[in-house]
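Residue-level structure breakdown
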Amino acid sequence: MKVIRNAYDLRKAVDRFVDQAKITDVHTHLFTPDFGDLLLWGIDELITYHYLIAETMRWLDMPYEKFWSLSKTEQADLIWDTLFIKNSPYSEACRGVLTVLEKLGLDVAGRDLASYRNFFRGMTIREYIDMVLEISKVETLVMTNDPFEDAERSVWLTSYKGDPRFKAALRIDPLLNDWSNKYSRLKEWGYDVEEKLNGKTLSEIRRFLNDWIDRMEPVYMAASLPPTFKVPEESARSIIVEECIIPVSRERDIPFAMMIGVKKLVNPGLKLAGDSVGKSDINTVEYLCSKYPHNKFLVTMLARENQHELCVAARKFRNLLVFGCWWFLNNPSLVEEMTRMRFELLGVSVIPQHSDARVLDQLIYKWEHSRRIIARVLYEKYRDILDTGWVIREDEIRRDVDKLFGGNFWSFLKMKF
Ligand code: HDL
Ligand code: ZN
């Protein structure tokens, strides 16, 4: 394998291996075709992604209800006109739409929404899945699978066949964040629970988790958690985490993915676009990693202010794997800042990005944009050590890149602490 001794060869090698990297996307909201319309795809879904709705509503004084009463096509037409024609589409969410059109080989300069819609006419979802995975080089992606979502649960219980490229993740927000309203659902499903978290109820919650792990074969259990997320504390959430999630996670050797910092529905009128962000308590992450050294934790935090302390926590706990630039952090300026910080504090032992894609097409832009930034930062970090006289072999760059874009995740799943 070639030895790299100069910056020009280094830049070419890093760009080549990053461009070639086969990605494991550890967090998405995508679904196999088994789930029908739950899998969003195509130009109108892309344009009505909730990030663009939030940005559009800043320009409009129409009542939210009026917007929501429009058809999907009417919503897309309004968003297109507002964000792409009446204003320049350089926000990350808008730019992403343009990158998708570009990578699909469409006439971006033409600004002809009708022609973009024509591209999708006659396309089947299976054809488009293959096309998008081919362009984005996403080899494997992790879904978000919530047994409390009726439309989704029925597929799991009746017709799910799956696709080896799509892995499941057992998402349990309702169990943790809304126990008093959601325990009755477990009762409905045959679990002998009551609101009071007595021994029997805790045992039945563990049975519920095990049943869904048997059914979904998830690569991890996950929950999005508020800035106030705290363990230990006298709350149903804290008790369920310690008495149910932690023991089942260890027994079944399935990491618990904590996605911390979401302030739900600060503006309910915006629906899915109405959530915000809050600084969270790193002490809870440190408490869990420290008290449960045999458990594995995947963690991403939503506030920029939490990123440095999360990196430091990962230096202290090998059972903590940091992942992604999540949601309001998935913008070039913050992806660069976080990736630089992580590479400097954690070296190769991090998952720098996930897409969080809700619309299949987004895999194309979210990964195109992130690859470019990760490649640039990685090149600079290699350049710094090259300048000391260290020589880098091409196979070492490929090795590191493969770890960053998926290998670290799969190795973490296999580790036994
Ligand atoms: O909770 C989550 O997984 C978040 O990613 C939310 O789904 C959020 O609405 C989102 O789409 N972020 O990108
Ligand atoms: Zn998400």
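These lines cover the structure that appears in this document, whether it is placed above or below. (Residues numbered from 1 in each chain as written. Chains lettered and ligands numbered in written order. Predicted model: local features only at pLDDT ≥ 70, side-chain atom pairs only at ≥ 80, totals over all residues. Heavy atoms only, no water.)

This paragraph deals with the sheet that holds strand 3 (residues 138-142). Sheet strands line up and pair through hydrogen bonds in the backbone, either parallel or antiparallel. Judged by pairing direction, the sheet is parallel, and its three strands sit side by side in the order 2-3-4 without closing on themselves. If you trace the sheet from one side to the other, it starts and ends with strand 2 (23-25) and strand 4 (166-167), each paired once. Pairing of strand 2 with strand 3, which is carried by three bridges, proceeds in the parallel orientation. Across the sheet, Thr24 pairs through a bridge with Thr140, a residue of strand 3. Relative to the sheet, helix 18 (residues 394-414) contacts strand 2, strand 3 and strand 4, its axis offset from that of strand 2 by approximately 60°. (Pairing = 2+ DSSP bridges. Helix = DSSP H or I, 4+ residues; strand = E, 2+ residues; numbered from the N terminus. Contact = heavy atoms within 4.5 Å. Axes fitted to C-alpha atoms, helices over the stretch in contact; angles between N-to-C directions.)

A word on the pattern of salt bridges. One pass over the full model with this rule turns up 37 salt bridges. For Glu188, the salt bridge goes to Arg185, with nearest N and O atoms at 3.5 Å. Here Glu188 pairs with Arg185, and both are found in helix 11 (residues 179-188), just three residues apart, close to one helical turn. What makes Glu188 exposed here is its relative accessible area of 56%. Arg185 gets classed as buried once you look at its relative accessible area, which sits at 17%. Arg304 is the salt-bridge partner of Glu337, the closest N and O atoms lying 2.5 Å from each other. In this pair, Glu337 is assigned in helix 16 (residues 332-346) and Arg304 in the loop between strand 10 (297-301) and helix 15 (307-316), connecting sequence segments 33 residues apart. Overall, the relative accessible area of 45% leaves Arg304 in the partly exposed class. A single network of salt bridges, built from pairs that share partners, joins Asp19, Lys103, Glu368 and Arg372. (Salt bridge = Lys/Arg side-chain N within 4 Å of Asp/Glu carboxyl O. Buried < 20%, exposed > 50% of the residue type's maximum accessible area, 1.4 Å probe, protein only.)

With that settled, consider unusual backbone geometry. The omega torsion of the bond from Val231 to Pro232 falls at 0°, within 30 degrees of zero and hence cis. Inspection of the secondary structure puts Pro232 in the loop between strand 6 (221-225) and helix 13 (236-251). Here Glu217, not a glycine, exhibits a phi torsion of approximately 50°, which is positive. Summarising the element assignment, Glu217 is placed in the loop between helix 12 (199-216) and strand 6. For Leu265, which is not glycine, the phi dihedral falls at a positive 45°.

Formed by 150 residues in total, the largest nonpolar core has its most connected members in Leu175, Ile205, Leu209, Tyr220, Phe256, Leu363 and Ile397. The contact partners of Tyr220, leaving out residues within four places of it in the chain, are Val26, His27, Val142, Ala168, Ala169, Leu170, Ile254, Pro255, Ala257, Leu298 and Phe409. (Core = buried A, V, L, I, M, F, W, Y, C linked by side-chain atoms within 4.5 Å.)

Before going further, it helps to examine the side chain of Ser136. For Ser136, the location among the structural elements is in helix 8 (residues 125-136). Looking at Ser136, its side chain comes within polar contact range of the main-chain oxygen of Val132, at 2.7 Å. Apart from residues no more than four positions distant in its own chain, Ser136 is found in contact with Ile23, Leu363, Ile364, Trp367 and Arg371. (Polar contact = N/O pair within 3.5 Å; in protein donor to acceptor, adjacent residues only side chain to side chain.)

Okay, the state of the cysteines next. Note: disulfide means a covalent bond formed between the sulfur atoms of two cysteine side chains. Scanning the entire structure with this criterion turns up zero disulfides. Free of any disulfide, Cys325 has its nearest neighbouring cysteine sulfur in Cys311, separated by 9.8 Å. Residue classification places Cys325 among the buried residues on the basis of a relative accessible area of 1%. (Disulfide = S-S within 2.5 Å.)

Within the open sheet, the five strands sit side by side as 5-6-7-10-11. Their pairing is parallel. The sheet is open, and its two borders are formed by strand 5 (170-171) and strand 11 (320-322), each paired with just one other strand. Across five bridges, the pairing between strand 6 and strand 7 (residues 256-260) is parallel. Along strand 7, the bridge assignment pairs Ser224 with Met259. Here helix 13 sits on the sheet in contact with strand 6, strand 7 and strand 10, set at roughly 160° to strand 6.

Our next topic: the site of ligand 1. Around ligand 1, the neighbouring residues are His27, His29, Tyr49, His50, Tyr51, Arg171, Ser224, Met259, Trp326, Trp327, Asp356 and Arg358. Residue His50 places a side-chain N or O atom 3.1 Å away from an oxygen atom belonging to ligand 1. At 2.6 Å, a side-chain N or O of Arg171 approaches an oxygen atom of ligand 1. More than half of the atoms belonging to ligand 1 lie within 2 Å of the grid points that define the largest pocket. For the shell around ligand 1, a count of residues per class yields five nonpolar, four polar and three charged. (Near = heavy atom within 4 Å. 1 Å grid on protein atoms, 1.4 Å probe; cavity = no way out; pocket = protein on both sides within 12 Å on 5 of 7 lines; lining within 4 Å. Sits in = over half its atoms within 2 Å of the grid points. Nonpolar A, V, L, I, M, F, W, Y, C, P; charged D, E, K, R; others polar.)

Turning our eyes to something else, we now look at the packing of aromatic side chains. Each pair of aromatic rings is reported with the distance of its centres and the angle of its planes. For the coordinates displayed, the defined rule picks out 22 aromatic pairs. Relative to Phe84, the ring of Trp80 lies with its centre 4.5 Å away and its plane at 15°, an arrangement referred to as stacked. A residue pair is termed a helical-turn pair when its members lie 3 or 4 positions apart in one helix, as Trp80 and Phe84 do in helix 5 (residues 72-85) at four residues. Phe84 matches Trp80 in its accessibility class, with the two residues each being buried. Aromatic side chains Trp179 and Tyr183 sit 5.8 Å apart centroid to centroid with 40° between the ring planes, which places their arrangement in the tilted category. Taken as a pair, Trp179 and Tyr183 lie in helix 11 at a separation of four residues, close to a single helical turn. Judged on exposure class, the residue Trp179 and its partner Tyr183 are both buried. Taken together, the aromatic side chains of Phe31, Phe35, Trp156 and Tyr160 make up a single cluster linked through ring pairs. Above the ring of Tyr379, the side-chain terminus of Arg11 is found at 5.0 Å from the ring centroid. Here the basic side chain of Arg215 rests over the ring of Trp212, its NZ or CZ set 4.4 Å away from the ring centre. (Phe/Tyr/Trp six-rings, centres within 6.5 Å; stacked < 30°, edge-to-face > 60°. Lys NZ or Arg CZ within 6 Å of the ring centre and 35° of its normal.)

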